[in-house]
Amino acid sequence: YEIYLNGMTGAVPRLPTDLTRLEEFTERRLGPGPFGYVAGSAGDGSTARANRTALARRRIVPRMLRDVHERDLRVEVLGRALPAPLALAPVGVLSILHPDAEPAAARAAAAHGVPYILSSASSTPMEQVAEAMGDAERWFQLYWPRDREVARSFLERAGAVGYTALFLTLDTPLLSWRPRDLDQAYLPFLHGVGTANYFSDPAFRAGLTKPVHEDPNAAVMHFVGMFSDPAKSWPDLAFLRENWDGPIVLKGVLHPDDARLAADAGMDGVVVSNHGGRQVAGSVAAADALPRVVEAVGDRLAVLFDSGVRTGDDVFKALALGARAVLLGRPYVYGLGLDGQAGVEHVIRCLLAELDLTLALSGHASPATPGPADLVEDPR
Ligand code: FNR
């Protein structure tokens, strides 16, 4: 109602309230390199499109007369009480979109009590982001550095400044084939963007022959070597357990057998995700993978979901398919690019308002109650 009441004085929102339109707004604002990097995906883009189609194909069957006048969006995830089943996904290199970068997104999340997951490839050192957030809930995403000392150093730094859960991203031991970036020969990391977390790390710097400012190109190449490591396998997870006290969540799980391996390895959760369609072209849509993972480990692990979530009804559908909560990727990144912290707050508020209304109008008073019976599959 706030928006409608403001409208009585002629004020309309600066950004669209249909969050699917943020991409077209951002395209007009950003240069082709940064925009292509954010909007783009792997191969011909079919996985990113499939993510949207898999959600759109499922339709909600609303229930009536269920007294939903008192609603509560709160959920518990990884032992933490959250105001809503939502976290901001880890997205690196945010300074290509806005100079305020990760601290602005983190402050927006903090203002709404939504956990912010800081990327390893952040353009801001993790300590600065932590400081911007005060005591608000924050989680740390790890791209597992090839060098154990660097990995250990990252975990120590993150723990020391209050990141409570670790999200280990499994689907990016190598960057995929991304034609939009290749055609424009644009990779933010090679411009030194997204390297700040690494460059501020004492163990990383110890591996350089010259200080970063004396030979930045060599430092960037050292980062690339540190970042890519397709040699990791399941037994390596024991190292993380030994070096991290809090919950560990594996991000990028699509196969139910991998979810079982995660549970057997003593992990606390998985994110069913195909990295927003950015890694394996032609892979299963995330929403199609979700039910099988929930069936395999839903009683043992926190199952979270991302890839393709744009609207409140998308969140509802993910919950109905068994996700405990969702991570939001590109929409908040577009919000940041369009209007800094205020843009991210706009996105969070719109998404949660739309989720609240979708729950209510479908006969639910809590994110915990939607289930498979609330959906049908549209055969078209
Ligand atoms: C990402 N994502 C990502 N994931 C991760 O674990 N670490 C990272 O540094 C990044 N960086 C990143 C950059 C950009 C520009 C995008 C768009 C995405 C993936 C992200 O966490 C999430 O899985 C997807 O964005 C979810 O899909 P949607 O919501 O963008 O469709």
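What counts, and at which threshold
Residues numbered from 1 in each chain as written. Predicted model: local features only at pLDDT ≥ 70, side-chain atom pairs only at ≥ 80, totals over all residues. Helix = DSSP H or I, 4+ residues; strand = E, 2+ residues; numbered from the N terminus. Rg over C-alpha atoms; globule rule 2.2 N^0.38 Å. Buried ≥ 20, exposed ≤ 12 C-beta atoms within 10 Å, placed from the backbone. Contact = placed C-beta atoms within 7 Å. UniProt positions renumbered as here; feature names shortened; annotations may be inferred. Pairing = 2+ DSSP bridges. Right-handed = clockwise from strand over helix to strand, strands pointing away. Axes fitted to C-alpha atoms, helices over the stretch in contact; angles between N-to-C directions. Parallel < 35°, antiparallel > 145°, perpendicular 65-115°, else oblique. Left-handed = near helix turned anticlockwise from the far one by under 90°. Nonpolar A, V, L, I, M, F, W, Y, C, P; charged D, E, K, R; others polar. Near = placed C-beta within 6 Å. pLDDT = per-residue confidence, 0-100. Arc of directions from axis to C-beta.

Student: Hey, could you run me through the overall build of the chain in this one?
Tutor: When you go through the chain residue by residue, the secondary structure sums to 16 helices and twelve strands. The C-alpha radius of gyration computed for the chain amounts to 20 Å, which stays within 12% of the reference 21 Å derived for 380 residues, consistent with globular compactness. Overall, the C-alpha framework of the chain stretches about 70 × 50 × 40 Å when taken along its three principal axes. Here the chain holds 380 residues, and the buried ones make up 49% of them. Of the contacts made within the chain by residues no fewer than 6 positions apart, 73% connect residues no fewer than 24 positions apart.

Student: How should I be thinking about the environment of Gln-184 in this particular structure?
Tutor: Its location among the elements puts Gln-184 in the loop between helix 8 (179-183) and helix 9 (196-199). For the pair Gln-184 and Leu-142, spaced 42 residues apart in the sequence, the C-alpha separation amounts to 28 Å. With near-sequence residues (within four places) excluded, Gln-184 lies in contact with Pro-32, Gly-33 and Gly-36.

Student: I would appreciate a short explanation of the UniProt feature "domain: FMN hydroxy acid dehydrogenase" (unreviewed entry) in the chain in the present structure.
Tutor: According to UniProt, the feature "domain: FMN hydroxy acid dehydrogenase" (unreviewed entry) maps to residues 11-380 in the numbering used here. What you have in residues 11-380 is 42% helix and 12% strand, and the ends, taken at the C-alpha atoms, are 40 Å apart.

Student: Teacher, can you tell me more about the pairing of strand 8 (residues 248-253) here?
Tutor: Each regular strand shows side chains that alternate between the opposite faces of the sheet. The buried fraction of strand 8 is high, at six of six residues. Note that strand 8 and strand 9 (residues 269-272) share four bridges and pair parallel. Following the sheet pairing, Val-249 is matched in strand 9 by Gly-269. Each parallel crossover has a hand, and for strand 8 linked through helix 13 (residues 256-264) to strand 9 it is right-handed.

Student: Sorry, what's going on with the packing of helix 2 (residues 22-29) against helix 16 (residues 330-361) here?
Tutor: Two packed helices can be described by the angle between their axes and the distance between those axes. The N-to-C vectors of helix 2 and helix 16 enclose an angle of 40 degrees; their axes lie 9 Å apart at closest approach. Considering the angle they form, helix 2 stands oblique to helix 16. Crossing hand, helix 2 versus helix 16: left-handed. Of the residues in helix 16, those in contact with Leu-22, Glu-23, Phe-25, Thr-26 and Arg-29 of helix 2 are Pro-331, Tyr-334, Gly-335, Gly-337 and Leu-338. Here the residues of the contact of helix 2 with helix 16 are counted per class, giving five nonpolar, three polar and two charged.

Student: Looking at this structure, how should I read the site of the ligand?
Tutor: As a structural note, the neighbourhood of the ligand is formed by 23 residues, with Ala-89, Gly-92, Ser-119, Gly-276 and Gly-329 the closest of them. Each residue belonging to the shell around the ligand can be placed in one class, and the counts come to eight nonpolar, eleven polar and four charged.

Student: Quick question: what am I supposed to make of unusual backbone geometry here?
Tutor: A negative phi holds for most residues other than glycine; trans holds for most peptide bonds. Of note, Val-93 is a non-glycine position whose phi angle comes to about 50 degrees, a positive value. Here Val-93 shows up in the loop between strand 4 (86-88) and helix 5 (101-111). By the C-beta count within 10 Å, which is 24 here, Val-93 ends up buried. Here the phi dihedral of Ala-185 falls at roughly 50 degrees; this positive angle occurs in a residue that is not glycine.

Student: Just checking my understanding: could you explain the confidence of the model for the chain for this structure?
Tutor: As a general rule, the predicted coordinates of low-pLDDT regions are not to be interpreted in detail. Averaged over all residues, the pLDDT of the chain is 97; the fraction at 70 or higher stands at 100%. Model confidence for the complex is summarised by a pTM of 0.98, with the ipTM given as 1.00.

Student: Mind showing me how you'd approach helix 6 (residues 126-133) here?
Tutor: In an α-helix there are 3.6 residues to a turn, and that puts residues three or four apart on one side. Along helix 6, the positions that sit buried rather than exposed are Met-126, Val-129, Ala-130, Ala-132 and Met-133. Each buried residue of helix 6 sits inside an arc of 160 degrees when the element is viewed along its axis, so together they form one side. Buried residues belonging to helix 6 abut helix 5, strand 5 (116-118), strand 6 (138-142), helix 7 (148-160) and helix 9. Immediately beyond the C-terminal end of helix 6, within one or two residues, lies Gly-134, with a positive phi of roughly 60 degrees.

Student: I tried to follow the packing of helix 13 against helix 14 (residues 286-297) on my own but got confused; where do I start?
Tutor: In contact at an axis separation of 8 Å, helix 13 and helix 14 are set at 35 degrees when each is read in the N-to-C sense. Between helix 13 and helix 14 lies a crossing of right-handed hand. Contacts from Pro-256, Ala-259, Arg-260 and Ala-263 in helix 13 reach Arg-292, Val-293, Glu-295, Ala-296 and Val-297 in helix 14. Split by residue class, the contact of helix 13 with helix 14 holds six nonpolar, no polar and three charged.

Student: Help me out: how do you make sense of the pairing of strand 9 in this one?
Tutor: Residues Gly-269 and Val-271 of strand 9 are buried on one face, and the alternating residues Val-270 and Val-272, pointing to the opposite face, are buried as well. What joins strand 9 to strand 10 (residues 302-305) is helix 14, and the crossover it makes is right-handed.

Student: Mind showing me how you'd approach the environment of Arg-300 here?
Tutor: Along the chain, Arg-300 falls in the loop between helix 14 and strand 10. As a C-alpha pair, Arg-300 and Gly-266 span 34 residues in sequence and 9.8 Å in three-dimensional space.

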